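Report on the structure
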Amino acid sequence: MSAQVQYSEFGGPEVLSYVEVPMPSAPADGVVVETRAVGVNPIDSKLRSGARASSPLTAPRVPGSDASGVVVAVGAGVTDWVTGDQVVLRGAHGTYATHVIASAAQLVRKPAGVGWDEAAAIGVPASTAYQALRTLGVEVGSVVLIHAGSGAVGQAAIQFARNWGATVVATGGERNQARMGELGAIPVEYGPGLLQNIRAAAPGPIDIVLDAAGTDEALEASFALVADRSKIGTVVVGARAAELGIQAWAGGNPLPLTAEEQALRAEAYGVTLELMELGDFEVEIGARYPLSAAAEAQRASMSGEHRGKIILDPSA
Ligand SMILES: NC(=O)c1ccc[n+]([C@@H]2O[C@H](COP(=O)([O-])OP(=O)(O)OC[C@H]3O[C@@H](n4cnc5c(N)ncnc54)[C@H](OP(=O)(O)O)[C@@H]3O)[C@@H](O)[C@H]2O)c1
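Residues numbered from 1 in each chain as written. Predicted model: local features only at pLDDT ≥ 70, side-chain atom pairs only at ≥ 80, totals over all residues. Heavy atoms only, no water.

The name given to the chain in an unreviewed UniProt entry is NADPH:quinone reductase, and the organism recorded there is Herbiconiux ginsengi.

Spelled out as structure tokens, the structure:
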């Protein structure tokens, strides 16, 4: 059986429906991946609600960009992949499904030592964090401030920056202070007094800011701490980047990612999987929902109350 989650109108999570569909076959230049785990990202909900603009809905759309799985059918023109290969999907569309058609270029080999859930959790958040920090020029000795360090993007960013020899100050909610500390960041609670609290916690001047929160509070603190706005980047309020004079990648930015930024995002998958296999990068997995409960999973994702990465289980 093949099944997928679809929506035919923009709206709340209730517009999502779980439907059985014919088993897809592999195109000549692609494969079919049977998913083992699907990563839920905030962008999935923003696109479904219409909060983030996308093309008009002329046919049912399947959400999702992240998944791990097994190649179960291979097109005649594909030479590098065989059935049984364990993969992570990169830059795919419509991953809220038991079976996903992908081009060979959208496949990354999953190391045997990395779990299905963890492999499905890294795509959008880890590639975003990696590219943003590299574009901002994080290097040995940098002092980096990461807003929303407790989220999926933030936890990835803390680990990359620490791995590259930077000092990290990260903001998050009260319940996530210990987690950010475990990852090697100096944790600070967002909320009243944010700027003073960051100043008190930081070991010296902040060089670089990655904003994965998008709040006015986070932006205002960033401007007070870092005079050079080219050293401040956001992945949330891209629509305001030009007006604010900061860098932005997607997140509503009308400018597309440059070829170099896209290449960095692609590179991040292999780098992250290798670090995971070595035990130098970890993903916090939160709740797991059956694929048929995708609406509930998206509600949880946007509630602000979840902890860890939300995963859909296609087998349930
Ligand atoms: N532009 C891109 O390419 C791109 C790619 C990926 C993600 N994003 C965007 O980046 C954002 C984070 O994504 P994610 O996957 O990391 O989401 P997530 O895992 O759901 O994490 C959300 C984070 O926001 C934090 N947060 C909530 N209220 C906050 C506040 N007032 N101040 C500071 N932080 C606050 C949460 O902290 P606590 O849980 O500790 O309260 C948590 O760390 C989303 O808006 C997403 O759409 C953009």
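Still more ground to cover, so stick around.
1. Things to note about the packing of aromatic side chains
The line we're drawing: Centres within 6.5 Å are what make two rings of Phe, Tyr or Trp a pair, Trp counting through its six-membered ring; a difference in plane orientation under 30 degrees is then read as stacked, over 60 as edge-to-face, and the rest as tilted. Strands are runs of DSSP state E lasting at least 2 residues, helices are runs of H or I lasting at least 4, and numbering of each runs from the N terminus. Think of it in three bands: with a 1.4 Å probe and only protein chains considered, a residue is buried below 20% of the maximum accessible area for its type, exposed above 50%, and partly exposed in between. Any Lys NZ or Arg CZ that is within 6 Å of a ring centre and within 35 degrees of that ring's normal is treated as a charge sitting over the ring.
Taken as a whole, this structure holds five aromatic pairs when the rule is applied. Measuring from ring centre to ring centre gives 5.2 Å for Y130 and F160, while their planes differ by 75 degrees; the resulting arrangement is edge-to-face. Of this pair, Y130 sits in helix α3 (residues 123-136) while F160 sits in helix α4 (residues 152-163); the two residues are 30 residues apart in sequence, bridging distant segments of the chain. For the pair Y130 and F160, one class covers both residues: buried. Chaining the aromatic ring pairs together yields one cluster made of Y130, F160, W164 and F281. The cationic tip of R36 hangs over the ring face of W116; the distance from NZ or CZ to the ring centre is 5.7 Å. Geometry around F223 places R229 over its ring, the cationic atom sitting 3.6 Å from the centre.

2. With respect to the sheet that holds strand β9 (residues 167-172)
Where we set the bar: Strand pairing follows a simple DSSP-based rule, namely that at least 2 bridges must link the two strands. For this analysis, residues touch if any pair of their heavy atoms sits within 4.5 Å. An axis is simply a line fitted to the C-alpha atoms; with a helix, the fit covers only the stretch in contact. Between two such axes, the angle follows the N-to-C directions and lies from 0 to 180 degrees.
Here we have six strands laid out as an open sheet, ordered β10-β9-β8-β11-β12-β13, and parallel in their pairing. Single-partner strands in this sheet number two, and they are β10 (186-189) and β13 (247-248). With three bridges connecting them, strand β11 (residues 208-211) and strand β12 (residues 232-234) associate as parallel partners. Paired with L210 across the strands is G233, a residue of β12. Contacting β8 (143-147), β9 and β11, α4 runs over the sheet at an angle of about 170 degrees to β9.

3. A few points about unusual backbone geometry
Residue A148 is not a glycine yet carries a positive backbone phi of 65 degrees. Tracing the backbone shows A148 in the loop between β8 and α4. Relative accessible area serves as the criterion here: at 19%, A148 is assigned to the buried category. In this structure, A250 is a non-glycine residue whose phi angle is positive, near 55 degrees.

4. Regarding the pattern of salt bridges
Inclusion rule: By definition here, a salt bridge exists when the distance from a side-chain nitrogen of Lys or Arg to a carboxyl oxygen of Asp or Glu is within 4 Å.
According to the stated counting rule, one finds eleven salt bridges in the structure shown. R109 is the partner of D85 in a salt bridge, and the nearest nitrogen-oxygen pair spans 3.5 Å. Highlighted residues: D85 in the loop between β4 (66-74) and β5 (86-89) and R109 in strand β7 (residues 107-109), separated in sequence by 24 residues. The class of D85 is buried, set by a relative accessible area of 14%. We classify R109 as partly exposed; its relative accessible area is 45%. Across the pair D313 and R288 runs a salt bridge, and its minimum N-O distance is 3.1 Å. On the criterion of sequence distance, the pair formed by D313 in strand β15 (residues 309-313) and R288 in strand β14 (residues 285-290) is long-range, its members being 25 residues apart. Looking at D313, the relative accessible area reads 14%, which means it is buried. Among the charged side chains, a salt-bridge network with shared partners connects R179, E182, E282, E284 and R307.

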